[in-house]
Amino acid sequence: MPATVVVGSQWGDEGKGRVVDLLAEEADLVVRYQGGNNAGHTVWVGDQRYAFHLIPTGILRGKLSVLGAGMVIDLEVLLEEESELASRGVPVQGNLRISENAHLILPYHKLIEEAEEKRRGKRAIGTTRRGIGPAYEDKMARRGLRVGDLRDPDALAEKLSDVVEYKNLMLTKVYKSPPVDPDRLYTDLRAFYDHFADAICDTSVIVHDALVQEQRVLFEGAHGAMLDIDWGTYPYVTSSNPLAGAVSAGIGIGPQWIDRIVGAAKAYTTRVGAGPFPTEVEEDIAKDMRDSGGEYGSTTGRARRIGWFDAVVVGKTVRLNGIQGLAITHLDVLGRFEEIPVCVGYRCGGEQVSVLPNQIELLARCEAVYESLPGWKSDISQVKRFADLPQNAQRYLRHIEELVGVPVSHVLVGRQRDQSIFI
Ligand code: IMP
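Below is a short write-up of the structure. What you see is a predicted model; the values in this text were computed from it and never measured.

**Overview of the packing of helix 2 (residues 75-87) against helix 6 (residues 182-196)**
Interaxial distance between helix 2 and helix 6 falls to 10 Å at its minimum, and their mutual angle equals 45°. Judged on the interaxial angle alone, helix 6 and helix 2 are oblique. Crossing of helix 2 over helix 6 shows left-handed handedness. Contacts between helix 2 and helix 6 involve L75, E76, L78, L79 and E82 from the first element and F192, H195 and F196 from the second. Residues that form the contact of helix 2 with helix 6 fall into these classes: five nonpolar, one polar and two charged.

See below:
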């Protein structure tokens, strides 16, 4: 610390929640800078499972938790998440701050996304259907509503009437869907405002002041770098920039404040939704790993697609994010294999390449080139020190370090907090 970013270095679901929870013990503030409730971060404490979608996982450790300006926020979901945590003894009110500049996800965003995914048919992105893309579209089109807009009832009514008229035309005329009721929406939004009013503020000031006072700030990335709108497998990506570079704009602080960037990477690879995935394995192997690794989306419950570790992908995302250390998660899941393939390059049209192509049409023509490493065929879930890992597990990690060019700083071998190895 003082300012550390945790980012996903694959297609999301790398176990960032677990990594953030680990590092949050030492933090004063935990801050999200992009995305919305398309994220799903799972943390286990004993036999209790906590699934976070909007609120930073730091809330579990009683840390001040900030939803930054770069986020898109569905206040109904936020309220549900808060109530669920409060009912389980985790206080949220008092520890939550919401940026007044964050954009709102509104019911018409979800309806339009649903209709648009249906319209795309075979070309559907496979989104989480949480209204994320349409909310970011409105932000960029300068017709979005921001959290701070809820403060002034008259101004809110005026903005809503204009935008709802437009959205209802889209819904009814283009998508042949039912319209939304503007009066009901207004009443709901005012009620949400009354509930969250004390938490809504200029969070850039809070984070900046904390940094000036040398407090420890942890930035919790959501999704993964391969889902980045600019650098991922476009168009099969999310609508924000999960990259570490987005912290500055997403929070409203200068980039010089960032001290350390930790990349979370699974010891293999998963992805949900459509899009290219060069190291994807056959369904029989995938099923086995899916069951032992609990590979079902924590937001949508969808079965995740599974593949071997792809050093070309992680090499690229180390470069894109400036990752300085990798937290390798789910290493225990590989304990069943005699041999473990690792992708070290691609063969594209007869040529071997080591840099991931940016166009998905090119990527689709690439075939993964593997090296096979010997497995360790044992249960490592109780190992607490790197030196106590089987030689072949150590060798696997060292090989990943060589391939992607950064050291492994943490290894997670199970879902519990104490199943963590610090290197
Ligand atoms: P959206 O973010 O809901 O628009 O979905 C766009 C793509 O990103 C889909 O393939 C989703 O499955 C994927 N996606 C979004 N958030 C996550 C995440 O946190 N983990 C894994 N995949 C995600």
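Moving on from the model shown.
**A few points about the site of the ligand**
As a matter of local geometry, the ligand sits amid 16 residues, with N38, T128, H223, T238 and R302 nearest to it. H223 is positioned with one of its side-chain polar atoms (N or O) 2.9 Å from a nitrogen atom of the ligand. At 2.9 Å from an oxygen atom of the ligand is found a side-chain nitrogen or oxygen belonging to R302. The residue inventory of the shell around the ligand, partitioned by class, reads six nonpolar, eight polar and two charged.

**Focus on the sheet that holds strand 19 (residues 408-412)**
Taking strand neighbours across the sheet as the criterion, the 10 strands line up as 9-7-5-2-10-1-11-15-19-20 in an open arrangement whose pairing is mixed. The open sheet has two edge strands, strand 9 (200-201) and strand 20 (420-422), and neither has a second partner. Inspection of the sheet shows strand 11 (residues 260-266) paired to strand 15 (residues 325-329) by five bridges, in the parallel sense. For G263, the partnering residue across the bridge sits in strand 15 and is L326. Relative to the sheet, helix 1 (residues 16-24) contacts strand 1 (3-8), strand 2 (29-32), strand 10 (217-220), strand 11, strand 15, strand 19 and strand 20, its axis offset from that of strand 1 by approximately 165°.

**Concerning the packing of aromatic side chains**
Scanning the entire structure with this criterion turns up three aromatic pairs. The interplanar angle of 55° and the centroid separation of 5.4 Å between the aromatic rings of W11 and F277 together place this pair among those described as tilted. You can see W11 sitting in the loop between strand 1 and helix 1 and its partner F277 sitting in the loop between strand 12 (269-271) and helix 9 (283-293), a full 266 residues away along the chain. The burial state of W11 is the same as that of F277; both residues are buried. A cation over a ring is seen here: R88 above Y50, with NZ or CZ 4.1 Å from the ring centre. The ring centre of W44 lies 3.6 Å from the NZ or CZ of R415, which sits over that ring.

So, how was this worked out
Throughout, residues of each chain are indexed from 1 in the direction in which the sequence is written. Note on the predicted model: pLDDT of at least 70 is required for a residue's local features to be given, and 80 or more for side-chain atom pairs to be given and counted; whole-chain, interface and lining totals, by contrast, use all residues. For the side-chain quantities, the full set of heavy atoms in the structure was used; hydrogens and water were omitted. Fitted lines through C-alpha atoms serve as axes, helices being fitted only where they are in contact, and the angles separating the N-to-C directions of these axes extend from 0 to 180 degrees. Under the DSSP-based scheme used, a helix requires at least four consecutive residues in state H or I and a strand at least two consecutive residues in state E, with every element numbered from the N terminus. Note on terminology: angles under 35 degrees are roughly parallel, angles over 145 are roughly antiparallel, angles of 65 to 115 are roughly perpendicular, and the others are oblique. When the near helix sits turned anticlockwise from the far one by under a right angle, the crossing is termed left-handed; a clockwise turn instead gives a right-handed crossing. The contact rule is simple, with two residues in contact once any of their heavy atoms fall within 4.5 Å. Each residue gets one of three labels, nonpolar for Ala, Val, Leu, Ile, Met, Phe, Trp, Tyr, Cys and Pro, charged for Asp, Glu, Lys and Arg, and polar for the others, Gly among them. One heavy atom within 4 Å of a molecule or strand is enough for the residue carrying it to be called near that molecule or strand. Identification of polar contacts relies on pairs of N or O atoms within 3.5 Å, with a donor-acceptor requirement for protein atoms, meaning one able to donate a hydrogen and the other able to accept it, and with residues adjacent in sequence counted only if both atoms are side-chain atoms. DSSP-based pairing: two strands are paired if at least 2 bridges between them are found. The aromatic pairing rule takes the rings of Phe, Tyr and Trp, using the six-membered ring of Trp, and pairs them if the centres are within 6.5 Å, calling planes under 30 degrees apart stacked, those over 60 edge-to-face and the rest tilted. Burial classes: relative accessible area under 20% of the type maximum marks a residue as buried, over 50% as exposed, and values in between as partly exposed (1.4 Å probe, protein chains only). The criterion is that NZ of a Lys, or CZ of an Arg, lies within 6 Å of the ring centre and within 35 degrees of the ring normal, and then a charge sits over that ring.

All quantities given are derived from atomic positions and should not be read as evidence of function.
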